[in-house]
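Listed below are the residues making up each chain.
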Amino acid sequence: MTTMQPKRPREDDVLECFLYPRFCYSLNPEQVTDEMLVEEIDKYNREVEPFVKDYLWHRDGLTFRPRTKQALQFDSLIEGSSRATDFDLLPHIHILLRFDEDIGDEWFVVFLVMNLTKKYEGLIARMVDSDGEFLLIEAAEELPVWATPETCQNRVFIMNGAVHVVQDKQKICINILNSVYQRSHIFKMSDKVQTVIQKRISIYPEETERRKHKARAYLPEKAAYILRREPRLIASAVRTVCHSDPLERKVCRAMRYFPPEQRVITNVKMTKCLYAMAMHCRYTGDPRTGWNLPPASNPKYNAYLLGIKIACGLEMLMSQAHEQRRRRVKSNESGDNSGAVNEVAWTAFLKRLEASGYFKELLQGSQEREELLRNARSYYEQHISISEANRRNEGSEADSLLEVYNDVQSNDVEMEAKEVCTLSPEDSDGWLNVDPAQLEVMLGQQFGIAGKGGEQPMGLQEKVNAFINQKSGIEGVQFFGDKETEPRNDIEDNGRVDFDPDVFDTALRDILDLVVPGGDGEFDGSSEGSLGGDEEDQGGELDKYMRLLDSQLQQQMISGSNDDSEKGEEVEANLLGSIQEEAGGSGPLGNILGGPVERLKHIKSSETASKETKK
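Residues numbered from 1 in each chain as written. Predicted model: local features only at pLDDT ≥ 70, side-chain atom pairs only at ≥ 80, totals over all residues. Heavy atoms only, no water.

By the naming in an unreviewed UniProt entry, the protein is Ecdysoneless, taken from Nasonia vitripennis.

(A) Structural detail: the overall build of the protein. Each helix and strand in the protein was counted, giving 26 helices and 12 strands. Roughly 36,600 Å² of accessible area belongs to the protein as shown, and the carbon and sulfur atoms make up 50% of that amount. (Helix = DSSP H or I, 4+ residues; strand = E, 2+ residues; numbered from the N terminus. Areas by Shrake-Rupley, 256 points an atom, 1.4 Å probe, with all protein chains shown as cover.)

(B) Structural view of the pattern of salt bridges. Applying the stated criterion across every chain yields a total of 14 salt bridges. Between Glu40 and Lys43 there is a salt bridge, and its shortest N-O distance comes to 3.9 Å. Of the two residues, Glu40 and Lys43 both sit in helix H2 (residues 34-52), 3 residues apart, roughly one turn of that helix. A relative accessible area of 11% places Glu40 in the buried class. Notably, a salt bridge pairs Glu133 with Arg126, separated by 3.0 Å at the nearest N-O pair. By sharing partners, the salt bridges in this structure join Asp102, Asp105 and Arg211 into a single network. (Salt bridge = Lys/Arg side-chain N within 4 Å of Asp/Glu carboxyl O. Buried < 20%, exposed > 50% of the residue type's maximum accessible area, 1.4 Å probe, protein only.)

(C) Local environment of the packing of aromatic side chains. Inspection of the entire model under this criterion finds 15 aromatic pairs. Aromatic pair Tyr55 and Trp57: ring centres 4.6 Å apart, planes at 65 degrees, arrangement edge-to-face. The same class applies to Tyr55 and to Trp57, which are both buried. Taken together, the ring pairs in this structure connect Phe51, Tyr55, Trp57, Phe108, Phe111 and Tyr204 into an aromatic cluster. In this structure, Arg22 packs its charged tip against the face of Tyr181, placed 4.1 Å from the ring centre. (Phe/Tyr/Trp six-rings, centres within 6.5 Å; stacked < 30°, edge-to-face > 60°. Lys NZ or Arg CZ within 6 Å of the ring centre and 35° of its normal.)

(D) Inspection of the sheet that holds strand E6 (residues 162-165) at higher detail. The 6 strands are arranged E2-E3-E1-E4-E5-E6 in an open sheet whose pairing can be described as antiparallel. Of all the strands in the sheet, the pair left with one neighbour each is strand E2 (65-67) and E6. Along the sheet, successive strands turn relative to each other by an average axial angle of 30 degrees, direction set aside. In the sheet, strand E4 (residues 124-129) pairs with strand E5 (residues 156-159) via 2 bridges, with the strands oriented antiparallel. Across the sheet, the residue bridging to Ala125 is Ile158, located in E5. Helix H4 (residues 103-119) contacts strand E1 (14-20), strand E3 (92-98), E4, E5 and E6 of the sheet and is inclined by roughly 170 degrees relative to E4. (Pairing = 2+ DSSP bridges. Axes fitted to C-alpha atoms, helices over the stretch in contact; angles between N-to-C directions. Contact = heavy atoms within 4.5 Å.)

(E) A look at the packing of H2 against H4. Following both chains from N to C, one finds H2 and H4 inclined at 140 degrees, their axes separated by 11 Å at the closest point. When the axis of H2 is compared with that of H4, the two are oblique. Like other packed secondary-structure pairs, H2 and H4 cross with a definite hand, here right-handed. For the pair formed by H2 and H4, the contact residues are Tyr44, Glu47, Val48, Phe51 and Val52 on the first element and Phe108, Phe111, Leu112, Asn115, Leu116 and Lys119 on the second. Residue composition of the contact of H2 with H4, grouped by class: 8 nonpolar, 1 polar and 2 charged. (Parallel < 35°, antiparallel > 145°, perpendicular 65-115°, else oblique. Left-handed = near helix turned anticlockwise from the far one by under 90°. Nonpolar A, V, L, I, M, F, W, Y, C, P; charged D, E, K, R; others polar.)

(F) Layout of the environment of Trp107. Along the chain, Trp107 turns up in helix H4. Overall, Trp107 belongs to the buried group, its relative accessible area being 3%. For the pair Trp107 and Arg200, spaced 93 residues apart in sequence, the C-alpha separation works out to 7.9 Å. With residues near it in sequence (within four places) discarded, Trp107 still touches Phe134, Leu135, Glu138, Arg200, Ile201 and Tyr204.

(G) Local environment of the nonpolar core. Leu19, Phe64, Val109 and Met127 are the most contacted members of the largest nonpolar core, which totals 63 residues. Sequence-distant contacts of Met127, that is, excluding residues within four places in its chain, are made with Leu15, Glu16, Cys17, Val109, Val110, Val113, Glu133, Phe134 and Ile158. Core analysis: the second largest hydrophobic core is formed by 45 residues, Tyr283, Leu306, Cys312 and Leu402 among them. (Core = buried A, V, L, I, M, F, W, Y, C linked by side-chain atoms within 4.5 Å.)

(H) Here's a closer look at unusual backbone geometry. Each neighbour pair has its own omega, and for Tyr204 with Pro205 the value is 5 degrees, a cis peptide bond. Notably, Met255 is not glycine yet its phi reads approximately 50 degrees, a positive angle. Looking at the secondary structure, you find Met255 in the loop between helix H12 (233-243) and strand E8 (263-271).

(I) Focus on the side chain of Asp100. Note on placement: Asp100 falls in the loop between E3 and H4. For Asp100, a relative accessible area of 14% gives the class buried. Among the polar contacts made by the side chain of Asp100, one reaches the side chain of Arg59 at a distance of 3.2 Å. Apart from the residues lying within four places of it in its own chain, the contact partners of Asp100 are Asp13, His58, Arg59 and Arg239. (Polar contact = N/O pair within 3.5 Å; in protein donor to acceptor, adjacent residues only side chain to side chain.)

(J) Region of the structure containing the side chain of Glu16. Assignment of secondary structure puts Glu16 in strand E1. Despite its burial, Glu16 remains without a salt bridge, the nearest opposite charge being carried by Arg67 at 4.9 Å. A polar side-chain atom of Glu16 sits 2.9 Å from a polar atom in the side chain of His94. (Lys, Arg positive; Asp, Glu negative; His and termini not counted.)

This is the structure we're talking about:
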């Protein structure tokens, strides 16, 4: 049996998507070519272009990447894995998006992928983030009881804009995709689950405009020009300054690239998430640099402070770009050809290809084998260049900034300064402050805390009581909300389990009516007697023994026999001493005697009273 084991994201706050066009699971995986996937990607890009054209991504943009079976096999071998599952080798289109602090980017991609599955017949998608199957986490309150993290892992698919979950684990991945396509009504989740997820993405595409924020900032002239030319660099600048440490901020003492002497006031467009990050960042610039901040009560204070933070973020990015460039130049001068193929690594790669059966036992020197060898060599060299590009990807934003910075001309800066009087009003940042009443409303809208159907929401104490009063199943108590008191049955569970407390009590008593071995014979201890219950039940050898003990002690008190009395006192003292040490808890003597203990105490008190009377 082959199960689906896609690679999980390697970082936190990462979204990973797998898109399977119809031909990916209807054809033989060997027949799916890179050209077919690229042609499909072109369609997807045209479809999402109106939505992402002016969208400001927090970190990564939306990029579709083709993955054929051969490419996936090569990737697996290059990474050192000689065995790949059937799922790992199924051709698809891949998306990897790092959204970091702005979870809105993740749900925006969910909205786009949902639309693609509606638009293109047969397109099936899988989406997973660092938390796992986050779509089901969003709809956790409406999931059936059988939908656990174990049963749903790698089993959640999107088709025709709806969520499907496959429970059958006996199928290989290509058959699962065909089953979802051919019998979607079986695996489609309930309307309640679909409603929750659709409600989450229903705010798009209007949300793309609501998430924008226009702020006013005093910026160095070059910084203002760069952000006007490349607005997306504002995200890099804000993230850089907010995530920087004191060592990285040392370059901001000199402000070599963006000095504070000549500043202009300008409007800066960013997302609300970036604005909130910038305003809550405690960095205010190095006081030795020459930043002149007005008093905090001045209306322009926030604009000055925001300009300092953005300028320092750009300064750090410029410093990183120059450092990376110096390293590349030094590497080229030293003759370190990191892009060349390492023959030792290539030989090891060939051995893994042989072990995986890539060459299909073809003879050395044959035309087919040489063709496979050329393909492997070409992909290996390409992979090295791609890996190098990926390593430089972190500095791509810095490189873009460096390129724009070098193109800055004096007339451009002057043009920026002339636009001061034409600034439009900045947006209000009142949304940063939320009072308790607004917080309650937001929580009610997000998590459904408010009462349903106009009813008052359940209080905490009421919820606790309702939870305690729930009947527990084999997996514990299932608490289903304010109004719903009975567990929801699965589709296939048409029966109902009734609980009769009287029948249960009778069964429990039958279990407790055990046969306890006695001395010469056996006595029947009833459940009530063994638990210290009804004293009127005089049956059994234990009660006979206690009555005999009572009569003997009474005779000893009447006869006044000192010897017998001393023996009786010794027996009673031992019994009462054991009872006192047990302190009313569970112990050997208490478990055996149960109810008769009180009679022993009564005998002791009677004996004491008799002795006092004789005196």
